[in-house]
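A look at the structure
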Amino acid sequence: MRLLLDTHALIWALTDTRRLPGSIQRLIGSARNEVYVSAISFLEVAVKRTEVRRGMPKIPADKMLELSRSAGYVVLDVKAEHGAAVESIPSIHGDPFDRLLVAQALEEGLRLVTHDATLAAYSDTIITF
């Protein structure tokens, strides 16, 4: 299975696995699955850290990128097609970062892993926990 971790799932996978249910930990840790992380997640962390948003990780985005690569996650760059696809999905969720993650997952045939139940309305391929 090809998984795309949303930003919170990525943060927790790297810094606080206790926040992830065992089933999600097993999915991420399985050698049979390929785990992707989006470049947009690093942008989201960088933006929200500079705005001093509550709940953002204490480690900077560049350190998260380093940890992601060390964990063997595949970094998915944002393509023009991903940006254009945001226009074709309904405005169920207001966060532009999350909408782009959904568009990337749908465009690339990935299963988005998220804690945000609202995102599940976009597709039955989205895994929520």
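Rules behind the numbers
Residues numbered from 1 in each chain as written. Predicted model: local features only at pLDDT ≥ 70, side-chain atom pairs only at ≥ 80, totals over all residues. Heavy atoms only, no water. Pairing = 2+ DSSP bridges. Helix = DSSP H or I, 4+ residues; strand = E, 2+ residues; numbered from the N terminus. Contact = heavy atoms within 4.5 Å. Axes fitted to C-alpha atoms, helices over the stretch in contact; angles between N-to-C directions. Buried < 20%, exposed > 50% of the residue type's maximum accessible area, 1.4 Å probe, protein only. Phe/Tyr/Trp six-rings, centres within 6.5 Å; stacked < 30°, edge-to-face > 60°. Parallel < 35°, antiparallel > 145°, perpendicular 65-115°, else oblique. Left-handed = near helix turned anticlockwise from the far one by under 90°. Nonpolar A, V, L, I, M, F, W, Y, C, P; charged D, E, K, R; others polar.

Moving on to the sheet that holds strand E4 (residues 111–114). Spatially, the 5 strands line up as an open sheet ordered E3-E2-E1-E4-E5, and their pairing is parallel. The sheet terminates laterally at strand E3 (74–76) and strand E5 (127–128), the two strands that pair on one side only. Pairing geometry for E4 and E5, over 2 bridges, is parallel. When the sheet's bridge partners are listed, Val 113 is paired in E5 with Ile 127. Across the face of the sheet, helix H2 (residues 22–29) comes into contact with strand E1 (2–5), strand E2 (34–38), E4 and E5 while running at roughly 120 degrees to E1.

Within the fold, Asp 62 resides in helix H4 (residues 61–70). Asp 62 sits 17 residues away from Val 45 along the chain, and the two C-alpha atoms are 9.5 Å apart.

For the rest of this paragraph, the subject is the side chain of Ser 68. With respect to the helices and strands, the residue Ser 68 is situated in helix H4. Owing to a relative accessible area of 0%, Ser 68 belongs among the buried residues under this scheme.

Our next topic: the packing of aromatic side chains. Applying the stated criterion across every chain, the model contains 1 aromatic pair. Between the aromatic rings of Trp 12 and Phe 129, the centroid separation amounts to 6.1 Å while the plane-to-plane angle is 70 degrees, which identifies the pairing as edge-to-face. In this pair, Trp 12 sits in helix H1 (residues 7–15) while Phe 129 sits in the segment after E5, placing the two residues 117 residues apart along the sequence.

We now examine the packing of helix H3 (residues 39–50) against H4. In a packed pair of helices, the relevant descriptors are the angle between the two axes and the axis-to-axis distance. Running from N to C, H3 and H4 cross one another at 155 degrees; their axes reach a closest spacing of 9 Å. In terms of axis orientation, H3 runs roughly antiparallel to H4. For the pair H3 and H4, the sense of crossing is right-handed. Note on element contacts: H4 touches H3 through Ala 61, Met 64, Leu 65 and Ser 68, opposite Phe 42, Val 45, Ala 46 and Arg 49. Grouping the amino acids of the contact of H3 with H4 by side-chain chemistry returns 6 nonpolar, 1 polar and 1 charged.

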